[in-house]
Amino acid sequence: MVEETSQQQPSRRGLLYFCFVSLVLFVAACFLYFPWRCWQIRSALAKREFANAVTLATHLVQSSPQASEGHYLLAKAARRSGDFAEAASELKRAEELGWNSVEIQRETILARVQSGQIETCKPQLKTIFASDLNHDETTEVYEALANGHLAAFDGPEFQQCLNYWIDWDPEAIQPHLMRAQFFERLANHTDAEKCYADIVRDHPDCREARLRQAACLIELNQPSAAIEPLKACLKQKREPRAAVLLAKSWVQTGEMAAAGHLLAEFVDTADEAIRAEVLEQLGRWHLDQRQAPEAIQRLEAAVKLTPENGTAWHALAAAYSLIGNSEKAAQALKTSQDSLARLQQLAELMVQINLNPQKLELRMEVAQILFDQKLDKDAVAWLNTILHQDLHHAPANDLLAQYYERIGNAPLARQHRALAQSPADPSQP
């Protein structure tokens, strides 16, 4: 018997069947991809993972540019992350492609509310609250309203909004977190720590509350109490925020070697603000070891990233003194003193604004200080809180016009010049 040396070839019928099944699976995958992606985006939004939601939605609109739901979800993700320009652009595209007009209108209103323009949206807000909203939609409205009061820095209204939110949903973590973060902005670390402690007690898995509670404990000179919570946070997620705080705690409790190793691990972190913190702490670590050249290298890099950081400049002055460079030490010390004085002035103004949110001259002072510190975007945001209350406020519009002239945006500069020179009431001459 002769053995067969070749494998039996598939039949034509078998090939056709294989091709048919492959085509069906491909079509099914294409059909299911879009709703699956939409579900992922909505899930990320529900978990408040806004950056992830923006990334997912951006990929979705790139792959399905004519799908209105993708543009709508990207607009929602951008708005909730605070990117109002992107949100407006995507919402307009979703409307052009035929997305639900009621949801378009609600998103438009929520964007205005979240940016701080609450007074002009009160009738629409009442209508939204009276409509048939599900739990997630109602949460979004409360979130936008609370963030709007924060943007306007209207402390009393912000606190009242959080109270309403908690009364409606006693299990919600977010309003408690926002209240604690607001206390931190006021440098009230005692009340902030108490709020975070309550959240951790009721929601032990809330890593953000545990992390921020530890930060408050460090500010309250209780580093020993912060160490174990920070170790747990770092074990759960190895990231630079927790590392910096744990290193600070270790330095204050004498664990210098452990602090140095931990900081070195995160010296190249991508986020510039956090990298500046790592560099400052590493600089201080080298300064404690009397390693002046290494301290200067780290601290100079830190102040380059965050030139308004008065504590880093103070440490840099000490490092220059160690190598006998009295001129640079004096300059760094003067920069530190000026920066810390402005920071103290800002802290005092924040407290006053919280008590007197209608005193616009206090907001002008904040904006001017921020401009002096080269924090232009923050200054512009504060000036916009003034325009939300008084669109024709001349000093605020003048400052904005000067800013837009500096950066070469002539149309916006002309717009603010015109607002500064026109009367608040168009009917008046």
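Procedures and definitions
- Residues numbered from 1 in each chain as written.
- Predicted model: local features only at pLDDT ≥ 70, side-chain atom pairs only at ≥ 80, totals over all residues.
- Heavy atoms only, no water.
- Helix = DSSP H or I, 4+ residues; strand = E, 2+ residues; numbered from the N terminus.
- Buried < 20%, exposed > 50% of the residue type's maximum accessible area, 1.4 Å probe, protein only.
- Areas by Shrake-Rupley, 256 points an atom, 1.4 Å probe, with all protein chains shown as cover.
- Lys, Arg positive; Asp, Glu negative; His and termini not counted.
- Charge placed at Lys NZ, Arg CZ, Asp CG, Glu CD.
- Core = buried A, V, L, I, M, F, W, Y, C linked by side-chain atoms within 4.5 Å.
- Contact = heavy atoms within 4.5 Å.
- Polar contact = N/O pair within 3.5 Å; in protein donor to acceptor, adjacent residues only side chain to side chain.
- Salt bridge = Lys/Arg side-chain N within 4 Å of Asp/Glu carboxyl O.
- Phe/Tyr/Trp six-rings, centres within 6.5 Å; stacked < 30°, edge-to-face > 60°.
- Lys NZ or Arg CZ within 6 Å of the ring centre and 35° of its normal.
- Axes fitted to C-alpha atoms, helices over the stretch in contact; angles between N-to-C directions.
- Parallel < 35°, antiparallel > 145°, perpendicular 65-115°, else oblique.
- Left-handed = near helix turned anticlockwise from the far one by under 90°.
- 1 Å grid on protein atoms, 1.4 Å probe; cavity = no way out; pocket = protein on both sides within 12 Å on 5 of 7 lines; lining within 4 Å.
- Points joined across faces, edges and corners; volume = space filled by probe spheres on them.
- Nonpolar A, V, L, I, M, F, W, Y, C, P; charged D, E, K, R; others polar.

## Observations concerning the overall build of the chain
Scanning the chain for helices and strands turns up 22 helices and zero strands. In terms of principal-axis extent, the alpha carbons of the chain reach across some 100 × 80 × 50 Å. Here the chain holds 429 residues, and the buried ones make up 44% of them. Split by element, the accessible area of the chain, about 23600 Å² in all, is 54% carbon and sulfur. The chain carries 43 positive and 55 negative side-chain charges, and their two centres are separated by 2 Å.

## Remarks on the nonpolar core
Ranked by internal contacts, the top residues of the largest apolar core, which has 47 residues, are Val-113, Trp-382 and Leu-383. No other element matches helix H19 (residues 360-372), which puts eight residues into this core. Not counting the four nearest positions on each side in its chain, Val-113 is found in contact with Ile-118, Cys-121, Leu-125, Ala-144, Leu-145 and Gly-148. Ala-226, Leu-245, Met-256 and Trp-285 belong to the second-largest nonpolar core, a separate cluster that totals 29 residues.

## Describing the side chain of Glu-140
The residue Glu-140 is located in helix H7 (residues 135-151) in this model. One polar contact links Glu-140 to Arg-79, side chain to side chain, over a distance of 2.8 Å. Sequence-distant contacts of Glu-140, that is, excluding residues within four places in its chain, are made with Lys-76, Arg-79, Arg-80, Glu-107 and Leu-110.

## Regarding the environment of Ile-199
Its location among the elements puts Ile-199 in helix H10 (residues 189-202). Considered as a pair, Ile-199 and Arg-210 are 11 residues apart in the sequence and their alpha carbons are 8.3 Å apart. Every residue in contact with Ile-199, bar those within four places of it in the chain, is listed here: Ile-173, His-176, Leu-177, Pro-204, Cys-206 and Ala-209.

## Digging into the pattern of salt bridges
If you walk through the whole model with that rule in mind, you get 23 salt bridges. The partner of Glu-96 in a salt bridge is Arg-93, and the shortest N-O contact between them spans 3.4 Å. With Glu-96 and Arg-93 both in helix H4 (residues 84-96), this residue pair falls three residues apart, about one helical turn. A salt bridge links Arg-241 to Glu-239; the shortest N-O distance between them is 3.9 Å. A residue is classified by how much of its surface remains accessible, and Arg-241, at 31% relative accessible area, is partly exposed.

## Describing the packing of aromatic side chains
Applying the stated criterion across every chain yields a total of nine aromatic pairs. Ring geometry for Tyr-142 and Trp-165: centres 6.0 Å apart, planes at 10 degrees, overall stacked. You can see Tyr-142 sitting in helix H7 and its partner Trp-165 sitting in helix H8 (residues 155-168), a full 23 residues away along the chain. Note on accessibility: Tyr-142 and Trp-165 belong to one class, buried. Between Phe-153 and Trp-382, the ring centres sit 5.3 Å apart and the planes meet at 40 degrees, which makes this aromatic pair tilted. Highlighted residues: Phe-153 in the loop between H7 and H8 and Trp-382 in helix H20 (residues 376-389), separated in sequence by 229 residues. Each member of the pair, Phe-153 as well as Trp-382, carries the same accessibility label: buried. Pairwise contacts between aromatic rings join Phe-129, Tyr-142, Trp-165 and Trp-168 into one cluster. The residue whose ring lies beneath Arg-406 is Phe-371, and the NZ or CZ to ring-centre distance is 5.4 Å.

## Re the packing of helix H2 (residues 50-63) against helix H3 (residues 68-80)
Viewed as axis vectors pointing N to C, H2 and H3 meet at an angle of 155 degrees, and their least axial separation amounts to 9 Å. Judged by the inter-axis angle, H2 sits roughly antiparallel to H3. Crossing handedness for the pair H2 and H3: left-handed. Every residue of H3 that contacts H2 at Phe-50, Ala-53, Val-54, Ala-57, Thr-58, Leu-60 and Val-61 is listed here: Gly-70, His-71, Leu-73, Leu-74, Ala-77, Ala-78 and Arg-80.

## Some words on empty space enclosed by the protein
Taken as a whole and assessed by the stated rule, the structure comprises one cavity of 30 Å³ or more. Empty space within the largest cavity amounts to approximately 40 Å³. Lining the largest cavity are Lys-76, Arg-79, Arg-106, Glu-107, Leu-110, Glu-137, Glu-140 and Val-141. Of all the secondary-structure elements, those providing two or more residues to the lining of the largest cavity are H3, helix H5 (101-114) and H7. Of the residues in the lining of the largest cavity, the class split is two nonpolar, no polar and six charged.

## Examining the side chain of Gln-281
Within the fold, Gln-281 resides in helix H15 (residues 272-288). If we ignore the near neighbours within four places in the chain, the residues touching Gln-281 are Val-244, Lys-248 and Leu-263.

## Focus on the layout of surface pockets
Its boundaries defined by the atoms lining it, the second largest pocket holds a volume of some 670 Å³. Lining the second largest pocket are 26 residues, with Leu-45, Ala-46, Lys-47, Arg-48 and Arg-80 sitting closest to its centre. Listed by contribution, the elements that provide at least two residues to the lining of the second largest pocket are helix H1 (12-46), H3, H5, H7 and helix H9 (174-185). Residue contributions to the lining of the second largest pocket peak at six residues, all from H7. For the lining of the second largest pocket, the residue count by class is eight nonpolar, four polar and 14 charged.

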